[in-house]
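Residue-level structural notes
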Amino acid sequence: MNKSLLSESFSVYWYLTYKCNLKCKHCWVESSPTVDSEDKLSLSEVKNVLEQFKRANITNIAFSGGEPLLMKNIVDIINETNKHNIHYAFETNAILIDEQIIGAVNRRKYKNNEAVFIISLDGSTENYHDYLRGKGSFKKTVNQIFKLQKNNIPYSIQCVINKQNIHNVKEIIAFSKKLKPTNLTFAFLQPVGRAVSNLNNLELNKEDIVEVIKYINNASFIEDIDFTIKVKIQPAVVPSNIMTELKKSSKIEIVTNCDFPKIGILDNGDITICSLSKHSIRFGNIRKVNLKELINNEFIPMRRSYNDLNLQGICGECIFKIKCKGSCRVMAFCEDNCMNSAHPFCSELDRLNEFPDYYKVNS
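Before going into details, it helps to say that this report is about the structure given with it. (Residues numbered from 1 in each chain as written. Predicted model: local features only at pLDDT ≥ 70, side-chain atom pairs only at ≥ 80, totals over all residues. Heavy atoms only, no water.)

**Concerning the environment of Val116**
Structurally, Val116 is set in the loop between α4 (99–105) and β4 (117–120). Residues Val116 and Ala62, 54 residues apart in the sequence, show an inter-C-alpha distance of 9.4 Å. (Helix = DSSP H or I, 4+ residues; strand = E, 2+ residues; numbered from the N terminus.)

**Quick look at the sheet that holds strand β3 (residues 87–92)**
The 10 strands are arranged β8-β7-β6-β5-β4-β3-β2-β1-β9-β10 in an open sheet whose pairing can be described as mixed. If you trace the sheet from one side to the other, it starts and ends with β8 (252–255) and β10 (271–272), each paired once. Bridge count for strand β1 (residues 10–15) against strand β9 (residues 263–265) is three bridges, and the pairing is parallel. If you follow Tyr13 over to β9, its bridge partner there is Gly264. (Pairing = 2+ DSSP bridges.)

**What to know about helix α3 (residues 74–84)**
Judged by how many residues are buried, α3 sits mostly within the fold: eight of 11 residues are covered. Among all positions of α3, only Ile74, Val75, Ile77, Ile78, Glu80, Thr81, Asn82 and His84 are buried. On its buried face, α3 sits against α2 (43–55), β2 (58–64), β3 and α4. Of the residues trailing α3, Asn85 is marked for its positive phi of about 55°. (Buried < 20%, exposed > 50% of the residue type's maximum accessible area, 1.4 Å probe, protein only. Contact = heavy atoms within 4.5 Å.)

**Some details on the packing of α2 against α3**
It is at 10 Å that the axes of α2 and α3 come closest, and there the two elements cross at 20°. Taken together, the axes of α2 and α3 are roughly parallel relative to one another. Pair α2 / α3 crosses with right-handed handedness. Of the residues in α3, those touching α2 at Leu43, Val46, Lys47, Leu50, Glu51 and Lys54 are Asp76, Ile77, Glu80, Thr81 and His84. By residue class, the composition of the contact of α2 with α3 is four nonpolar, two polar and five charged. (Axes fitted to C-alpha atoms, helices over the stretch in contact; angles between N-to-C directions. Parallel < 35°, antiparallel > 145°, perpendicular 65-115°, else oblique. Left-handed = near helix turned anticlockwise from the far one by under 90°. Nonpolar A, V, L, I, M, F, W, Y, C, P; charged D, E, K, R; others polar.)

**Here we look at helix α9 (residues 206–218)**
Over its 13 residues, α9 extends 18 Å from the first C-alpha to the last, a length consistent with the 18 Å expected when each residue adds 1.5 Å. Listed as buried for α9 are Lys206, Asp208, Ile209, Val210, Val212, Ile213, Ile216 and Asn217. The residue sitting at the N-terminus of α9 and contributing the capping side-chain oxygen is Asn205; that oxygen lies 3.1 Å from the backbone nitrogen of Glu207. (Expected span 1.5 Å × (residues − 1). Polar contact = N/O pair within 3.5 Å; in protein donor to acceptor, adjacent residues only side chain to side chain.)

**Notes on the packing of aromatic side chains**
Going through the model one piece at a time under the given rule, you end up with 14 aromatic pairs. Centre to centre, the rings of Phe90 and Phe117 are 5.9 Å apart; their planes meet at 25°, and the pair counts as stacked. You can see Phe90 sitting in strand β3 and its partner Phe117 sitting in strand β4, a full 27 residues away along the chain. Residue classification places Phe90 among the buried positions, given a relative accessible area of 0%. (Phe/Tyr/Trp six-rings, centres within 6.5 Å; stacked < 30°, edge-to-face > 60°.)

**A short note on unusual backbone geometry**
Cis geometry is found at the peptide bond from Gly65 to Gly66, where omega equals 15°. With respect to the secondary-structure elements, Gly66 resides in the loop between β2 and α3. Cis geometry is adopted by the peptide bond preceding Pro261, which originates at Phe260 and carries an omega value of -10°. Examined against the element boundaries, Pro261 turns out to sit in the loop between β8 and β9. Of note in the backbone geometry, Asn85 takes a positive phi value of approximately 55° without being a glycine. Here Asn85 shows up in the loop between α3 and β3. Unlike most non-glycine residues, Asn337 shows phi in positive territory, near 60°. Counting through the fold element by element, Asn337 comes out in the loop between α14 (329–336) and α15 (344–351).

This is the structure:
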């Protein structure tokens, strides 16, 4: 067996379906109840893929969508994944969690109390959450969270910060104390997918983002919470004095990148990096490809290039490039057709002369 496969493990983002029971205003893959594929993998094909995962040293799966729990054979998929002892989590609005799903995930082997469900919650009240996700969705999601609590199933919460809920951050954190997640992640709205047509009401500017980070940093009760707050942001956006303070907190973590490259599998079995690149990067179809060979020939070289930090533009000059690694490489690729390009958000800050000089290596 090739030694490189033994020394490197990879994670998978698996978009089981693009169909969803909601139609969120900011959905980056533009899911809805009417979106569907006629060429989804069958249950037997899913089982074959999981066998490939085990042989190819896949250690983690994020089942996503759309809404992955819409899959009619989702319990069978959970049971099969349990059998292979591969760690997994579902990115979900939680509305469709039922007793069968709870029973299936309860048969898995938990790993360090890590979340089984990554649940979207975009406000502390229905006014904020339902504005993005549809009337009645807040109550349904919260009721399901309490059901998971009752069954001792670990879950995390992810909140998309946008123009409508930037002043609700304090209440979101306080409400999360009652919900008891393993962690609370704040992600900032990205101008992709369906969000593009709703930017007038949702788009954030740099000042909005800094305001949110300042609040999180100054919240007096942060150290009293029993979960971690993760903030997905390029560190160069954060003023240096605030970054210094953030580093002192044991409860706040700045998240800059993923375990790149994650292997993306689309609902029809096509292999990509993540769903953002589904129209521009393809590595064949999982039904036909030898995954071990693909990892050796494509993904391992890509990871090593990524770790070598061959970054261009402002990302190549930034003092945070070792930690940040240029943030999302797929967004850079989609913008510039190059994995080494500067992140488009940081490039825009640089173009507008809003990228702080003290974050440049060569200043």
